[in-house]
Amino acid sequence: MTALDNYVAPTSLEEAVEQLLELGEVTILAGGTDLMPQANAGRVKFKRTLMNIRRIPELRGIAREGDEIRIGALATISEIMAHPLVREHLPLLVSAGDHFASNQIRNAGTLGGNVCNASPAGDTLVPLMVLGASVELASMLDDKLYRRTMHLPEFFVGPGKTRLATAELLAAVRIPVPPQGFVARFHKFGTRPALDISAISIGVGGVLKNGMFTDVRVAFGAVAPTPVCGCATEEALEGKKLDAATIAAAAVAARDEVHPISDVRASDWYRKEMIHNMTKRILEDVSTSH
Amino acid sequence: MSQQAINFTLNGVPTRVSVPVDMSALEMIRNVTGLTGTKYGCGEGECGACTILLDGVSLNSCLLFAVECDGRQVTTIEGLASDPLGLRIEKAFVEAGAVQCGFCTPGMVVQARQLLQDNPHPTREEIQRGIEGNLCRCTGYVKIIDAIEAIAVGKES
Amino acid sequence: MRRKRPGGKTRHIQDLDVQGQLYGKILRSTRVHAKIKRIDTSKAKALSGVHAVITAADVPYQRPIGVAKDHFPLKTDRVRSLRDEIAAVAAETEAIAEAALKLIRVEYEDLPILADPNDSLKPDAPLIHPEPHGATAKHDHLKQAQGIAYLGKPDNVAMTFDYAQGDVAAGERESDVVFEDTFHLHYVTHCCMGVSGIIAEFDSSGNLLMYSNTQVPFLHKREFAEILNMDPARIRIIQPPIGGGFGSKLDIYPFEPITVFLAKATGRPVKLVFTREEEFLASPTRQPVILTLRSGCKKDGTLTFRTVNTLHDNGAYTSWGATTPFVMMQTISSLYRVPHCLYHTKAVYTNNPYAGSFRGYGNLQATFAVEQHMDMMAEAVGMDPLAFRLKNAQDPGEVTPQGMHFKSCGLKECLTTAAEASGFLAKSTANAAERGKPGRFKRGIGIASMLHVGGGAKIYPSDGCGTILKMDDFGSVTLITGASEIGQGSETVLAQLVCEELGLPISAVRVVNNDTEITPWDVGVHASRTTFIAGNSAIGAAKKARGKILAAAGKMADLNPDALDLRGGHIVETKSGKVVMTLAKLLRQLHFSDKAELVMTSFYYEPPSKHQDKHFKGDVSAAYAWATQVVEVEVDTDTGIVRLLKVTGAHDVGRVLNRLGLEGQIEGGIVMGQGYALTEELMVENGVVRNPGFRDYKLVTAPEIPEMDVRFIETMDGEGPQGAKGVGEAPAICIAAATANAICNATGVRIMALPFTPEKVYRALKQHH
C-alpha cells in the first residue's frame, strides 16, 4: 500500500503532463466534490502524489474555436451555466446544470471532474453525449505537449473508468456548435429539482425541420455501467415525422434497449418503465416545440 | 502523510498553517484554526452545514481540500460579523424565528449571503432553490425562507 | 435575549474541547448475527498515540443498558446487529484512533439471521437473547446486582401490550360495515443535524463529569450510576446546545458508557463524536410496525369497534420504541368515540437496527391506519369524510372508556376549521370526479386528525419540574429550570411566561438549564411536556417573586400591595398606572436589607390524574392536544411522483404563548411528517442498512416543502400555563395518514404501506388499472 506523501500544484499544462509522466502514481484533484467523499468512504485510494490542477490557466475558460465550443476542464458548473456562449448555443447544458447537485457543489464541481468521474448517473454526461461532445486529452509525447480528442461514448469504460491514459490529463471538452433547427431535451428523473442522484436520465437531440427529425442522438444515464447511446431509439426516430406512432415506437425501443439494475434508488422494472414514459414525454415535448 | 504549508486569508486575517494534504478545509477551519461556527453535518456535500465562501463563492468546505485554500480568501460564518449583508441576514434570521437548534444556521446564513449577492431580489421559489443544498431538520425551512425574503423585499424589521 | 444567534458562536457538543482530551472511536461488528470467537487488540494497543483499547473483557463491571436491560455497551459473547460495539479505542487524535480500529482483529462464527419479525415468532426460530447458561461466573455479578440483571429471554418476544374495552364481538354484530387491513410502517431515523457526541472525564476525586446531549439529564444520572455502579451524587451532566433531538436522546446508548469506560481506563477526558454514517447505523429508528386493523361502523356512521394486532420489529435490543403501543392504543381507543376495542402488540427481537423514541411516539403509525379506515368507512356508508369524523369526534368533558379525561378538547373545531380553510369538501368531490378522466396529473385532498398528550405524560411515577428564580439588583431575573432546551424553543417560552408575571422585557430574563449540579430536578424533555410542566413551574416561581416584590413595595411606599402591579420594569398603581418606583431600585434596596431572600423556588407536578392501571386504563396526561391536517397532493401518474402542494392545519394548542415559536414547531413537524410519508426510508435488507447517508436517505429539501396554512384553536386549558398545552409532537403525526387519503382521492388507489415513493405509487397505479 502506497501512502499519499507528495503534493504538487503545477501552473501550466505542460508542467502538469510532464509531472504526470515523471511521477507515475498521481491522483488528480480538480473541484474535489467527488474525490473527497470517495476518498473518505474508501472507494478511492489516494496514489502517492496528489496533483492539484486548479492553478493551470489553460484548463480554464470557455471559448469558441471554429465550429466548436471548447470548455476548459476546470470550468465549474456555475460558470458554464452563466456563460453567454453556452446560453446561446448549448441551452441543454444550462438546463442540465440546473439539476446538478446544489448551488455549493455547482460552484465547486468542474465539468472535467464530472466527465473523468465517469459515473453512470453523472449529470452532465448524457447532455454532452447528445451534443456530440469530445474530450481533449493532453500528454507529453517526444518532449512535446500532445493533444488527442476522443468522442465521449468511447471515453467511458465502466463506473469510474475511462480511457484516459496514466500520464494523460483531460484538458477540455469540445462541443460542436449545433446546426440550425437543432432541438434537445434532458430529463433527470427525481422527486426534487436537484441534489438527487438520478434513478434514470434521458437526453434527446436532433434537427427538427418540416416536422422531420434527423441527426438524432439519444443517450441514457443510470441504466448501464456507463452512460450509453440509445442506438435503437435513434434508429426508431431518424428521418421520421414525430407523430404519435413514431413516438410510441421510439419509447418502446428505448425501454427494450436498456438493461438497468435494481439498487436502492429503483428497481430494474421501474427504471425501464420510466425510460419508456419519459422518452415518450420528451419526444412529445420536442414535437410541439416549434 | 505529507504536510503542506499554505497561506491564505481567513476572514480578512493573513493565515499560515501546515496541513496534511488530504485534509478537508472543514477540518482545517475547525481543528487547525479553531473556528467552530462551520459545522460538520455529513462530510459529503449533502447537508450544507459546512458552507463557506472561497474568494466570495459559496461551497461545501467538507468537499474542499485544505491545500486548495492556498493564496485564496476564506470567509466563514465568523467572518460575516464584519460584513454588512451578513449581519443583516443574521438579524433577519433572529427576527423571523429561523433558528431552532441552530446547527444548520451558520451554513444557511453563508449560503443566503451567496444567494442575495447573486440575486438581491429573489422570489420565494428562487430562495428555496438557492438553499436546496442546506438541510434543516427543525424548522421545515419556512422561517428561513421568510428571513431571506424579508431582505429580498426590503421588509426587515 | 436568549434566542440563539446565528453568528456561528453557538458551541454544540461537537465544538467543545477539554484540555488534555483524547479521542474515542468504536469498532463495530461487520456481521449481523454472530458469536465472537476471539478479539485481538494487540496491534492496536501497540500503535503510537493509542492510550487504551478496551473490549468487554476489560470492563467486567459493565451492566446492561436500555429499557429492558438487554444490552451490554460492549458486546460480550455475540453480536446481534451490524452496529454492535465490539471494542473501543482512545487515542491522541481521531486519525490515530481510526487507524487503531483497523488493527483490531475479530473472529466471528456466523449465526442465522432473523430479518423479519414474523420469522422471529416461529417455533424453531433462533433466539436473539438466549438465557445465559446457568449461573456462569461471567453473569454471576450481574445477577447479584440489584434490579439490573441480564437474564436473556426464552423466546424472541421483547414486550407485549394487551388492552381491552367493551366487547368487540358484540360491536361487530352491531356493525353494518366492517373493514380489515394490514398496514406496513417503515424504518425512519431522526437525522439530527448535529451528530451524536459526548465528552466524559473523571476529576481527582473520582467524580464523573459528562458533556452530553441527553434529553433527560436527571433520569440519566441515576441510570449511569446503575450502569457504572457509582454513587449518583458523583455524576454531573452538562448539556451543551443540542443539534436536534426529536426523541433520540431519551435513552442511553452504548457509545455513552463506552466513552466513560475509556475515560476511566486512560484517566483522561475522552471525546467521542459520530460520523454521519455511524449516526445512520448506530442511532435509533422510529419503530417499524405491521399493523392489522379491523374496524366497523353502523349505517348511520357510528363507530362500533376496533380490533388491532400489531407486530413491532424491535430490533436486537429494547429501547423506548418497544413502548410506543402505550401511545398507539390511545389513538385507537380515544381519538374518536369507539365503544369496543381490543388491542394486542408484540414487539419481537430481530437482527435489525433497534427502535427508540421519535417525535410522535407510535402515533404516526396508529394514525396512519385509523384515519385510512375512517375514510373507507365513510365512503362505505355514503358519508363525506368530514361529517363521518364529526359524528364520532370527542367533545370537551368526555371521559373515554380507556379513562382519558378531555378537560379541554378542540377536535371538532380543528376538523371544521381545517376543512373550511382548505375548501376540503368541494375539492374532494371535484377531485374524485376527475379520477377516471384522461390526464397525467391528478389532484387529491385528504384529511386526518390526531390526539396526543399535551399536559405531561404519566410515563414515570411522577411528572414534575423545579424552578429556581433569582433577581439581581438591576432588575434582571435568572430563571434556573430543570427543563432542557433541545432546539424546540422552551427557553423563550419559559422566559416569556416569567416576563408576563413580572412585567419585564424579555431581555431581562436569562435562562440556565444545562447543568445537573445547578438546575432543579426535572423528568426530561419528552411527550410534548415542557411548556406545560416547566411552564407551570416557572409561573409558580414568578408568582412568588411577584408577591414578594409587591409586598415590599407596598410596605416601602405605604400602599396596599393589592393595588400595585408590575409593568415595564416598574412598580405601578394598578388603576392609574402611576409609577411608584422602578423595580431595579426596589431590588437594590431589598438586597441590602435583612431577609430579602430574592431567590424563589417552586416545583410543579402534573395535577393528580389517576395513574393508568395495569390494564392501561386511566388518564395519562393533564391535558390533551388535538389537530386536524388537510393535505393536498398532485400525483404524476406517469411516474408515481407525489408532490405535496399544501397543508392546512388546525391545532388545538390551548393558548398561543409565542406565535413565532409555535409556528416554527408546527412547520418543522409538518415537513418531518412529509419526509415520513414521501421521501425518507432507512432501507434495511437482511440486517444491513443500505443507505446510511443523506445521498440516499432523503430528507425533504427547501424546494419540496408544501404551502402551509396553520390555524390555532385556543381552548384555554384550565391546567395549562396561561391555558397552553404541549404541541411539540403533534404536527408530524397526521401528515402520512392525510397524504394516503389524498392519494386515494386523486387516483382511487389506497396504499397501506409507507413511504409513498414514486416506484411504490406507480406500481400501485399499474396494478389498479
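The rules behind the values
Every chain's residues receive numbers from 1 upward, in the order its sequence appears when written. Following the order in which they are written, the chains are lettered starting with A and the ligands numbered starting with 1. Per-residue local features are limited, in this predicted model, to residues with pLDDT of at least 70; the limit for side-chain atom pairs, both in listing and counting, is 80 or more; totals at the level of whole chains, interfaces and linings are taken over all residues. Secondary structure is summarised from DSSP: a helix means a run of H or I of at least four residues, a strand means a run of E of at least two, and numbering begins at the N terminus for each. Buried means a residue has 20 or more other C-beta atoms within 10 Å of its own C-beta, exposed means 12 or fewer, and partly exposed covers the counts in between; C-beta atoms are placed from the backbone. Contact between two residues is assigned whenever their backbone-derived C-beta positions fall within 7 Å. The quantity called the radius of gyration is restricted to C-alpha atoms. Its globule counterpart is 2.2 Å times the number of residues to the power 0.38. Here an axis means a line fitted to C-alpha atoms, over the contact stretch when the element is a helix, while the angle between two N-to-C directions is reported on a 0 to 180 degree scale. For classification purposes, an angle smaller than 35 degrees is called roughly parallel, one larger than 145 roughly antiparallel, one from 65 to 115 roughly perpendicular, and anything else oblique. Here a crossing is called left-handed whenever its near helix is offset anticlockwise from the far helix by less than a right angle, and right-handed whenever the offset is clockwise. Only Asp, Glu, Lys and Arg are considered charged in this grouping, and only Ala, Val, Leu, Ile, Met, Phe, Trp, Tyr, Cys and Pro are considered nonpolar; every other residue, Gly among them, is considered polar. Here a strand pair is declared whenever DSSP counts at least two bridges between the two strands. The quantity known as pLDDT measures the predictor's confidence residue by residue, on a range of 0 to 100. Buried Ala, Val, Leu, Ile, Met, Phe, Trp, Tyr and Cys residues whose C-beta atoms connect them within 7 Å together make up a nonpolar core. Take the residue count of a helix, subtract one, and multiply by 1.5 Å to get its expected span.

Quick look at the overall build of chain C
From N to C terminus, chain C includes 20 helices and 28 strands. With the C-alpha coordinates aligned to their principal axes, the bounding extent of chain C is approximately 85 × 70 × 50 Å. Buried positions account for 60% of the 769 residues belonging to chain C. Within chain C, residue pairs in contact and separated by at least 24 positions form 80% of the contacts whose partners lie at least 6 positions apart.

Section: the overall build of chain B
Looking only at helices and strands, chain B features five helices and five strands. Taken from the N to the C terminus, the helices and strands of chain B come in the order β-β-α-β-β-β-α-α-α-α. Radius of gyration (C-alpha) of chain B: 15 Å, near the 15 Å computed for a compact globule of 157 residues. Viewed in the frame of its principal axes, chain B has a C-alpha envelope of about 50 × 30 × 20 Å.

Considerations on the packing of helix α14 (residues 490–502) of chain C against helix α15 (residues 530–557) of chain C
Residues and elements named next belong to chain C. Running from amino to carboxyl end, α14 crosses α15 at an angle of 30°, the nearest separation of the two axes being 9 Å. Taken as axis vectors, α14 and α15 run roughly parallel relative to one another. Read as a crossing pair, α14 and α15 show a hand that is right-handed. Facing S490, V493, L494, L497, V498, E501 and L502 of α14, the residues of α15 in contact are T530, T531, A534, G535, A538, I539, A542, K543, A545 and R546. Considered class by class, the residues forming the contact of α14 with α15 number ten nonpolar, four polar and three charged.

Describing the interface of chain A and chain C
Each side of the interface is counted separately: chain A has 14 residues, and chain C has 15 residues. Here the residues of the side of chain A that touches chain C are counted per class, giving seven nonpolar, three polar and four charged.

Focus on the sheet that holds strand β7 (residues 144–151) of chain A
Strand pairing in a sheet relies on backbone hydrogen bonds. The paired strands run either parallel or antiparallel. All names here are of chain A. Strand order in the open sheet formed by five strands is β4-β5-β10-β6-β7, with antiparallel pairing between adjacent strands. The open sheet terminates on both sides in strands that have one partner only, identified here as β4 (62–65) and β7. Strand after strand, the sheet turns through a mean of 30° between neighbouring axes, direction not considered. Direction of pairing for β4 relative to strand β5 (residues 68–72): antiparallel, over a ladder of four bridges.

Observations regarding the interface of chain C and chain B
Taken together, the contact pairs 40 residues of chain C with 41 residues of chain B. The greatest single-element share of the side of chain C that touches chain B, amounting to seven residues, is contributed by helix α17 (residues 659–679) of chain C. Among the residues forming the side of chain C that touches chain B, the class breakdown is 15 nonpolar, 16 polar and nine charged.

Remarks on the pairing of strand β10 (residues 169–176) of chain A
Residues and elements named next belong to chain A. Counting buried positions along β10 yields six of eight residues, so the element is predominantly enclosed. Bridge count between β5 and β10: five bridges; the pairing is antiparallel. Following the sheet pairing, R70 is matched in β10 by R174. Summarising the sheet, strand β6 (residues 134–141) and β10 pair through five bridges and their orientation is antiparallel. In the strand pairing of β10, V135 is matched with V173.

Describing the packing of helix α9 (residues 325–334) of chain C against helix α10 (residues 363–380) of chain C
All names here are of chain C. The geometry of α9 relative to α10 is characterised by a closest axis approach of 8 Å and an angle of 25° between their N-to-C directions. The angle between α9 and α10 falls in the class roughly parallel. As for the relative orientation of α9 and α10, their crossing is right-handed in sense. Of the residues in α10, those touching α9 at V327, M328, T331 and I332 are N363, Q365, A366, T367 and V370.

Examining the environment of T55 of chain C
Residue and element names in this part refer to chain C. By the element assignment, T55 lies in strand β3 (residues 50–55). When the 20 C-beta atoms within 10 Å are taken as the criterion, T55 is described as buried. Placed 644 residues apart in sequence, T55 and L699 show a C-alpha to C-alpha distance of 36 Å. Beyond its immediate stretch of four places on either side in the chain, T55 contacts I39, T41, L74, I86 and A87.

Brief notes about the environment of I518 of chain C
Residues and elements named next belong to chain C. Considering the arrangement of structural elements, one finds I518 in the loop between β19 (509–512) and α15. Here I518 falls in the partly exposed class, since 13 other C-beta atoms lie within 10 Å of it. Placed 100 residues apart in sequence, I518 and A418 show a C-alpha to C-alpha distance of 44 Å. Not counting the four nearest positions on each side in its chain, I518 is found in contact with I480 and V512.

Comments concerning the confidence of the model for chain C
Residues and elements named next belong to chain C. Confidence in the prediction for chain C averages 93 pLDDT; 97% of positions are at 70 or higher. Below a pLDDT of 50 lies the segment residues 134–147, which in the model reaches nine contacts outside its immediate sequence neighbourhood of four places, other chains included. Among the prediction metrics, the complex's ipTM stands at 0.97, with pTM recorded as 0.96.

Overview of the nonpolar core
Ranked by size, the top nonpolar core spans 306 residues in total, and within it I148 of chain B together with L479, L494, V498, I735 and I743 of chain C carry the most contacts. Here this core gets eleven residues from one element, more than from any other, and that element is α15 of chain C. Contact partners of V498 of chain C, with chain neighbours within four places excluded, come to L469, V477, L479, V509, A538 and A542 of chain C. Counting 55 residues, the second-largest nonpolar core is a separate cluster that includes I26, A52, I54 and I104 of chain C.

Some details on the sheet that holds strand β28 (residues 707–713) of chain C
Residues and elements named next belong to chain C. With respect to topology, four strands assemble into an open sheet ordered β16-β24-β25-β28, the strand pairing being mixed. The open sheet is flanked by β16 (441–453) and β28, the only strands paired with a single partner. Put simply, the sheet's adjacent strands are angled 15° from each other on average, direction ignored. In this sheet, strand β25 (residues 642–652) lies alongside strand β24 (residues 624–636) in antiparallel orientation, the contact comprising ten bridges. The residue of β25 that forms the bridge with E634 is R643. Across the sheet, helix α13 (residues 424–434) touches β16 and β24, and the angle it forms with β16 is around 140°.

Notes on helix α19 (residues 735–747) of chain C
One full turn of an α-helix is made of 3.6 residues, so residues set three or four places apart face in the same direction. Residues and elements named next belong to chain C. Given a rise of 1.5 Å per residue, 13 residues ought to cover 18 Å, and the 18 Å separating the end C-alpha atoms of α19 matches this to within 8%. Counting buried positions along α19 yields 13 of 13 residues, so the element is predominantly enclosed. At the exit of α19 stands G748, carrying a positive phi of roughly 80°.

What to know about unusual backbone geometry
Cis geometry is adopted by the peptide bond preceding P755 of chain C, which originates at L754 of chain C and carries an omega value of -10°. For P755 of chain C, the location among the structural elements is in the loop between α19 and α20 (758–768). Within the chain, A118 of chain A stands out as a residue other than glycine whose phi angle is a positive 50°. Mapped onto the secondary structure, A118 of chain A falls in the loop between α7 (111–117) and α8 (125–130).

Some words on the environment of K299 of chain C
Residue and element names in this part refer to chain C. Topologically, K299 is positioned in the loop between β13 (289–297) and β14 (303–315). For K299, a count of 12 C-beta atoms within 10 Å gives the class exposed. Residues K299 and G446, spaced 147 residues apart in sequence, show a C-alpha to C-alpha distance of 22 Å.

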